[in-house]
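The lines below spell out each chain.
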Amino acid sequence: MTDKTSDSADVAANALWGGRFSGGASDIMQRINASIDFDRRFFRQDIAGSRAHCNMLVAQGILQADDGHAILKGLDQVEAEIAAGEFHFDAAKEDIHMHVEARLAELIGEAAGRLHTARSRNDQVATDFRLWLRDEIDALDQALRALQATLLDRAEEHAGTVMPGFTHLQVAQPVTFGHHLMAYVAMLERDRGRFADCRRRLNECPLGAAALAGTSFPIDRQATAAALGFAGPMANSMDAVSARDFAMEYLAAAAILSTHLSRLAEEMVNWASAQFGFVSLGDGFTTGSSIMPQKRNPDAAELVRAKAGRVIGALNALLVVMKGLPMTYSKDMQEDKEPVFEVADTLTLTVPAMRGMLADLTVDGAAMAAAAGRGFATATDLADWLVRALGLPFRQAHHVTGSLVKLAEARGVDLVGLTLDEMQAVEPGITAEVFEVLGTANSVASRTSLGGTAPEMVRTAIAEARSRLS
């Protein structure tokens, strides 16, 4: 492919910065340099920042009131045109900032050029990005709250539904399905906390840092920060334009959230399989097979699981972009937005999809209870009983219980299927009272420690979580 030099029209299109240049950029340079295809998402934030900057310039006597009024009126029209889909975007103008300023110049003339006094595209984009991400975090928090509420509803419904708890994907001890779901409520609460921390740290305003060194104009950075809802201005102008740790922190929190969603999705895939048979997913979140008419595939869960990889990849991509950059701004940082945009879009799909699957699934309590009764799930209860009733040291009780499990396995029965005589042949002190702890329901009911799986403890945990959520 040949690389053609832009004509004079292209040079004119870059009049916002082209005074130093006598020739135009090549076509391929325009394509690699332009960010308008993705940073147009910032149009509302960019215009909000321009309004705040304009008002501050007027208040400080840097900009005449008439020019300020014309600029604000023109910005309103630009925003309306973009929102209505009537705005013409052109890669030659590179980014959303230049598009807004160029259209403003068409609408109000020379006054538009005064808006850029005491600022740079460097502090503009940093401000836009923070404003946009702040809005995304607020919307995500509402989605996560809704997901938690659904989990709480299903947990309350199944606070007493017995199922096997697993370690190493092997039956370990009986738990309740409600208790299992409450683990994810706790995970999501921490996820929300991470995003809230990220929002608090990003809520500082870069505007007024200009290119990197601040400005000689008597601007009021406190005023622009307050107008845009920031806690205050960023303290160091170099940090203001070069910092992207807020984006990395958002992606890190998103990667952890996506890992949690992926774990729950994996469990749904397992639970819905014929081998488990614990739940059934409805038509709204499954698909069929083009060749096997009996299939109901948990595709929504599988896609939630898979998209975690994309989110983790986005975090890694931005870390690699930023790791070798000297102070302050480099064009490499144009690559900071697309990973964040992709992750935000992904979370707007995966979080509601998970909520929908949870609300829609049908639980087979009988299948769960039957599975909980297999695999010697009450072995720990037996060991604990030997400690409590007979005073055995736990290690000795562990050994006795292991011997009884071996005996039951050889006979093809569960622990409750052994006779008292068979148990006493291993440990003479065992009495008939032992059978009271060998049932799964009894096992679950006995776990009354804080955070335990006893239904009464699960219901208490649900009530406390609802209180925090509200």
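Residues numbered from 1 in each chain as written. Predicted model: local features only at pLDDT ≥ 70, side-chain atom pairs only at ≥ 80, totals over all residues. Heavy atoms only, no water.

**Considerations on the packing of helix H7 (residues 121-157) against helix H19 (residues 455-469)**
The following threshold applies: Axis geometry follows a simple rule: fit a line to the C-alpha atoms, using only the stretch in contact for helices, then measure angles between N-to-C directions, giving values from 0 to 180 degrees. Helix and strand definitions here come from DSSP, where helices need a minimum of 4 consecutive H or I residues and strands a minimum of 2 consecutive E residues; each element is numbered from the N-terminal end. Angular relationships are summarised with four words: roughly parallel below 35 degrees, roughly antiparallel beyond 145, roughly perpendicular across 65 to 115, and oblique for the angles in between. Each crossing gets its hand from how the near helix is turned against the far one by less than a right angle, where anticlockwise is left-handed and clockwise is right-handed. Contacts are assigned to residue pairs with any non-hydrogen atoms lying within 4.5 Å of each other. Throughout, the ten residues Ala, Val, Leu, Ile, Met, Phe, Trp, Tyr, Cys and Pro are labelled nonpolar, Asp, Glu, Lys and Arg are labelled charged, and all others, Gly among them, are labelled polar.
Relative orientation of the contacting elements H7 and H19 amounts to 160°, with a least axis distance of 10 Å. Comparing the axis directions of H7 and H19 gives the class roughly antiparallel. Where H7 crosses over H19, the two elements pack in a sense that is left-handed. The residues of H19 that touch H7, namely those facing Arg-145, Gln-148, Ala-149, Leu-152, Asp-153, Ala-155 and Glu-156, are Ile-462, Ala-465, Arg-466 and Leu-469. Here the residues of the contact of H7 with H19 sort into six nonpolar, one polar and four charged.

**Comments concerning the confidence of the model for the chain**
Here is the rule: pLDDT expresses how confident the predictor is about each individual residue, on a scale running from 0 to 100.
For the chain, the mean per-residue pLDDT works out to 92, and 94% of the residues sit at or above 70. This model gives residues 1-13 a pLDDT under 50, and the stretch forms 21 contacts once residues within four places in sequence are excluded.

**Overview of the pattern of salt bridges**
Keep this limit in mind: Throughout this description, the term salt bridge denotes a Lys or Arg side-chain nitrogen within 4 Å of a carboxyl oxygen of Asp or Glu. Burial classification: accessible surface area is computed with a 1.4 Å probe over protein chains only, and a residue below 20% of its type maximum counts as buried, one above 50% as exposed, and the rest as partly exposed.
Tallied over the entire structure, the rule returns 27 salt bridges. A salt bridge links Lys-93 to Asp-90; its shortest N-O distance comes to 3.9 Å. You can call Lys-93 buried: its relative accessible area is 18%. Note on Asp-90: relative accessible area 26%, which makes it partly exposed. Within this structure, Arg-44, Arg-51, Asp-76 and Glu-79 form a network of salt bridges that share partners.

**Points about unusual backbone geometry**
A cis amide bond links Met-327 to the next residue, Thr-328, at an omega of 0°. Looking at where Thr-328 falls in the secondary structure, it is placed in the loop between helix H12 (299-322) and helix H13 (337-360). Even without being glycine, Glu-94 reaches a positive phi, approximately 70°. As for its position among the elements, Glu-94 is in the loop between helix H5 (65-83) and helix H6 (96-108). Phi is positive for His-168, close to 60°, though the residue is something other than glycine. Tracing the chain through its elements places His-168 in the loop between strand S1 (162-167) and strand S2 (170-176).

**Here's the deal with the nonpolar core**
Just so we agree on the cut-off: The definition of a nonpolar core used throughout is a set of buried Ala, Val, Leu, Ile, Met, Phe, Trp, Tyr and Cys residues joined through side-chain atoms within 4.5 Å.
Counting residues in hydrophobic clusters, the biggest one holds 88 residues, and the most contacted among them are Phe-195, Tyr-250, Leu-257, Met-354 and Leu-358. With 15 residues, the single largest contributor to this core is helix H11 (residues 245-271). If we ignore the near neighbours within four places in the chain, the residues touching Phe-195 are Ile-137, Leu-140, Leu-144, Tyr-250, Ala-253, Ala-254, Leu-257 and Leu-347. The next biggest cluster of nonpolar side chains, apart from the first, holds 19 residues, and it includes Trp-385, Leu-392, Val-437 and Leu-438.

**Some remarks on the layout of surface pockets**
The line we're drawing: Definitions used for this entry: grid spacing 1 Å over protein atoms alone; cavity, a set of points where a 1.4 Å probe fits but cannot get out; pocket, an open set with protein on both sides within 12 Å along at least 5 of 7 lines; lining residue, one with an atom within 4 Å of a point. Grid points are joined across faces, edges and corners, and a volume is the space filled by probe spheres set on the points.
Of the voids in this model, the largest pocket is the one considered here, and its volume is about 370 Å³. Surrounding the largest pocket, 16 residues form its lining, Gly-165, Phe-166, Thr-167, His-180 and Glu-267 being those nearest its centre. Secondary structure elements with two or more residues in the lining of the largest pocket: S1, S2, helix H8 (177-202) and H11. In terms of residue count, the dominant contributor to the lining of the largest pocket is H8 (five residues). Tallied by class, residues from the lining of the largest pocket come to seven nonpolar, six polar and three charged. The calculated volume of the second largest pocket comes to roughly 260 Å³. Those elements giving two or more residues to the lining of the second largest pocket turn out to be H8 and H19. In terms of residue count, the dominant contributor to the lining of the second largest pocket is H19 (seven residues). A per-class count over the lining of the second largest pocket returns nine nonpolar, four polar and three charged.

**Describing a nonpolar patch on the surface**
So the rule is basically this: Exposure above 30% relative accessible area and no salt bridge define the residues that can form patches, which grow by joining like charges within 9 Å and nonpolar side chains of Val, Leu, Ile, Met, Phe, Trp and Tyr within 5 Å. Surface accessibility in these figures is a Shrake-Rupley result with a 1.4 Å probe; residues are shielded only by whichever protein chains are displayed.
Nonpolar side chains collect at one region of the surface, where Ile-28, Met-29 and Ile-32 lie side by side and expose about 280 Å² of accessible area between them. Inspection of the secondary structure puts Ile-28 in helix H2 (residues 27-33).

**Considerations on the pairing of S1**
Convention followed: By the convention used here, strands pair only if DSSP detects at least 2 bridges between them.
Relative to S2, S1 is paired through six bridges, and the arrangement is antiparallel. Within S2, the residue paired with Val-162 across the bridge is Thr-176. Turn length for the S1-S2 hairpin, with the two strands adjacent in sequence and antiparallel, is two residues, and the turn residue His-168 shows positive phi of about 60°.

**Some words on H5**
We count it as follows: How far a helix is expected to stretch is found by multiplying one less than its residue total by 1.5 Å.
Its 19 residues place the ends of H5 27 Å apart at the C-alpha level, agreeing with the 27 Å of an ideal helix rising 1.5 Å per residue. Looking at the buried residues of H5, the elements they touch are helix H4 (43-59) and H6. Among the residues trailing H5, Gly-85 stands out with phi positive, at a value near 75°.

**What to know about the packing of aromatic side chains**
What counts here: Any Phe, Tyr or Trp ring, taking Trp's six-membered ring, that has another such ring centre within 6.5 Å forms a pair; planes under 30 degrees apart are called stacked, those over 60 apart edge-to-face, and the others tilted. The criterion for a charge sitting over a ring is simple: Lys NZ or Arg CZ within 6 Å of the ring centre, and within 35 degrees of the ring normal.
Scanning the model with the defined rule gives 10 aromatic pairs in all. Ring plane angle 45° and centroid distance 5.6 Å describe the contact between Phe-42 and Phe-129, whose orientation is recorded as tilted. Placement of Phe-42 in the loop between helix H3 (36-39) and H4 and of Phe-129 in helix H7 is noted, with a sequence separation of 87 residues between them. Every member of this aromatic cluster is reached through a ring pair, and the members are Phe-42, Phe-129, Trp-132, Phe-246 and Phe-341. The lysine or arginine in question, Arg-40, covers the ring of Phe-89, its NZ or CZ lying 4.0 Å from the ring centre.

**Structural notes on the packing of H6 against H7**
Relative orientation of the contacting elements H6 and H7 amounts to 110°, with a least axis distance of 10 Å. Considering their axes alone, H6 and H7 lie roughly perpendicular with respect to each other. Residues Ile-96, His-97 and Met-98 of H6 form the contact with H7, whose own contacting residues are Arg-121, Gln-124, Val-125 and Asp-128. Class assignment of the residues belonging to the contact of H6 with H7 gives a composition of three nonpolar, two polar and two charged.

**Notes on the side chain of Arg-244**
Filter applied, for reference: Whenever a nitrogen or oxygen atom comes within 3.5 Å of another N or O atom, the pair is scored as a polar contact, on the condition that within protein one atom can donate a hydrogen and the other can accept it, and that pairs from neighbouring residues in sequence are kept only if both atoms are in side chains.
Here Arg-244 is to be found in the loop between helix H10 (237-242) and H11. We classify Arg-244 as buried; its relative accessible area is 2%. In terms of polar contacts, Arg-244 uses its side chain to reach the backbone carbonyl oxygen of Val-241, at 3.3 Å. A polar contact is formed between the side chain of Arg-244 and the side chain of Asp-336, at a distance of 2.6 Å. Setting aside chain neighbours within four positions, we find Arg-244 in contact with Val-125, Ala-126, Phe-129, Met-322, Tyr-329, Met-333 and Asp-336.

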